[in-house]
Amino acid sequence: MAKIPEDVIETVRSATNIADVVGQYVQLKKSGKNLFGLCPFHEERTPSFSVTEDKQIFHCFSCGRGGNVFKFLMELEHVTFPEAVVKVADFSHVDLASEYRQDAAGPAVDSKTSQLIDLQEQAAKLYHHILVNTEGGQPALDYLHDRGLTDDTIEAYQLGFAPSQRLLKPFFDQRQSDYQLLRQSGLFIENAEGELRDRFSERVMFPLRNASGHVAAFSGRLLKKADDQPKYLNSPETQLFNKSRLLFNFDRARSAIRAAGEVTLFEGYMDVISAAQSGVENGIASMGTSLTTEQIYAIERTTDKLNVCYDGDEPGQRAIARALDLLNQHSHLQLSVIQLPEGQDPDEYRQAHGEPALKQMLTTARETPIQFHLRYLRRNRSLDTDSERLDYLNQIMPMLAQVQEPVELDLYLNQLATEFKIDKSALTAQLKQVQRDTAAKQERSRPATNTAPAPAEPPVTVYQQQRPLTRLERAERGLLYRLLHDRNVWAKISSIADFSFVHDDYQMIYTLAQGYFQTHQTYQTAQFTDFIQEDRLQQLVIDLETATYAAVTPREIDDYLAVIMDEAPVDEQLRLKKNQLAEASRLGDAAQQRQLVIEIVQLEQRRQANKQL
């Protein structure tokens, strides 16, 4: 890949608002002058990840990561700096010369992860080629067409076919792919002799992409039913694929989720694809298993609203109940349930009624979680006897006790009172008793304490330094910040011939800034961080930018200089003299002890005099 010139990089950066790029991955909300959201680099429940638009930087106050828009993509998608520039250019519709794009679309080949991704991508291309271009793939292609999928949809999702001939291993052998990488890819089964053979055979292949859009694994659906094989077969868990974290179609759906302000969770891959072909593109699915807390966290970073649309049959309804229970325990998402009639799943409904009907149903056929449970708990019950009705109401009441909206609660109570011909006041009394019992139970389970209840957690956390800064470090940070942002301060410090920072990191940033200002008239944080190669120094600059500083004063600069140039050298001499005194005491050298005590007293007097200046 050709080296991208600095002026081209700056063109891309200036055409991009970092908030727009980050907003594709993190749900950002305004708080003060900054934007905050859940950090994409570590799991958290209270937002501590910030984006500062006027400086075009991001920073997490909890894990400490930060940088500009290119750094964000490098960290999140594990791409190189040139690849990040190309991705941002594409996002902002900035034209780049072809030499800067060379090999940028594919992962770098200098890491094991990237090489494994490359294997998955090559396998996806081969499976897709077999499906759409070969005679052996025609039955699978006919099967997909019979299910109503268009060629555009098949192309968009890169669906493929793994034939019975097991062509994947010879394909990689021709390319002399590394044997150990093939073993670890999950694409093959290894026998006792170490021989590899294709894991997938006679299956329609669904590429499973990670949040960055790279193929991480596959799910294969049997083309013809076989009693001794599962209908769906997923890749095993590998370095790339963790089924508890990956969400099918999340990479493609993310922008649609942003636009719609909500996401729809389906049960299967074909449901997601059917919905997308019908014009509902904000659909995702878990990996053939129950929803996990990791997947919930990924969803929460993206939106506040979730619709659950599982199959209409009995297993699907049970799955909805489990999902709602998990979501209520582990998220603050606004939930709704989409119910399809006649026990159908979305794919079946599309085939039976057409795409416009499915889109209409997914848009309008919604109910609240309470409405779902009111209906779900009726299954297998006749409700003909008083005992059955009482049992039903006893199961419903704890759920109603959690409803916060008075109008919504009143609707449910009226519905139950009318249906069961019960006085509404009796239902209300029972509900209040359930609420009191629940509150008492929570009070008993709360740890005993003599202090008042803790106040509600604020919407944005405040990062605490891992260690307190010394007076010297505070002075160095303050002066370095002023140097970068105020050319008058820069001119003053540059004129001091013997000035240097005490700590190497601050001095290195100062030295890099000297080179930066030789070619730049003004300081821009997002631009300057690209001059810094070491992550540690980049993070230090971001830390400086997220601190709060008042207007600069001449006295402030003089105080910083006094600490750095006068107090710091005295403090260092004091430290050395005290160490020497301890050694002289250990050796019993009385004369040396007397001399060192005199010198320490003089240094202490000098330090006190410096503080009074």
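Residues numbered from 1 in each chain as written. Predicted model: local features only at pLDDT ≥ 70, side-chain atom pairs only at ≥ 80, totals over all residues. Heavy atoms only, no water.

> Even after reading the chapter, I still don't get the environment of lysine 359, so can you show me in this structure?
Relative to the assigned elements, lysine 359 resides in helix α16 (residues 355-364). Its relative accessible area of 39% is what places lysine 359 among the partly exposed residues. Counting along the chain gives 323 residues from lysine 359 to phenylalanine 36, while the straight-line C-alpha distance between them is 33 Å. Other than its neighbours up to four places away in sequence, lysine 359 contacts Ser278, Gly279 and Val280. (Helix = DSSP H or I, 4+ residues; strand = E, 2+ residues; numbered from the N terminus. Buried < 20%, exposed > 50% of the residue type's maximum accessible area, 1.4 Å probe, protein only. Contact = heavy atoms within 4.5 Å.)

> Can you help me understand the pairing of strand β15 (residues 334-338) in this one?
Regular strands have side chains that alternate between both faces of the sheet. Burial runs high along β15: four of the five residues are buried. Sheet analysis places strand β14 (residues 305-309) next to β15, joined by four bridges and oriented parallel. Bridged to lysine 305 within β15 is glutamine 334. Where the polypeptide runs from β14 across helix α14 (residues 314-330) and back to β15, its parallel neighbour, the crossover connection is right-handed. The pairing of β15 with strand β16 (residues 366-367) spans two bridges and is classified as antiparallel. By the bridge assignment, valine 337 is partnered in β16 with glutamate 367. (Pairing = 2+ DSSP bridges. Right-handed = clockwise from strand over helix to strand, strands pointing away.)

> Mind showing me how you'd approach the sheet that holds β16 here?
Backbone hydrogen bonds hold the strands of a sheet together, and the pairing may be parallel or antiparallel. Taken together, five strands build an open sheet; the order of strands is β13-β12-β14-β15-β16 and the sheet is mixed. Both outer strands of the open sheet, β13 (283-285) and β16, are each paired with one neighbouring strand and no more. Across three bridges, the pairing between strand β12 (residues 263-266) and β13 is parallel. Pairing of threonine 264 across the sheet is with glycine 283, part of β13.

> Got a minute to help me understand the side chain of threonine 529 in this structure?
Looking at where threonine 529 falls in the secondary structure, it is placed in the loop between α24 (525-528) and α25 (535-546). On the basis of relative accessibility, which here comes to 3%, the residue threonine 529 falls in the buried class. Those residues in contact with threonine 529, other than ones at most four positions away along the chain, are Asn68, Gln538, Val541 and Ile542.

> Can you walk me through helix α11 (residues 250-260) in this structure?
Since there are 3.6 residues in each turn of an α-helix, residues three or four apart along the chain are aligned in direction. Restricting attention to buried positions, one finds in α11 the residues Phe250, Asp251, Ala253, Arg254, Ala256 and Ile257. Looking at the buried positions of α11, the neighbouring elements they touch are β9 (203-209), β12, β13 and α13 (293-300). Two residues or fewer after α11 comes glycine 261, characterised by a positive phi angle close to 75°.

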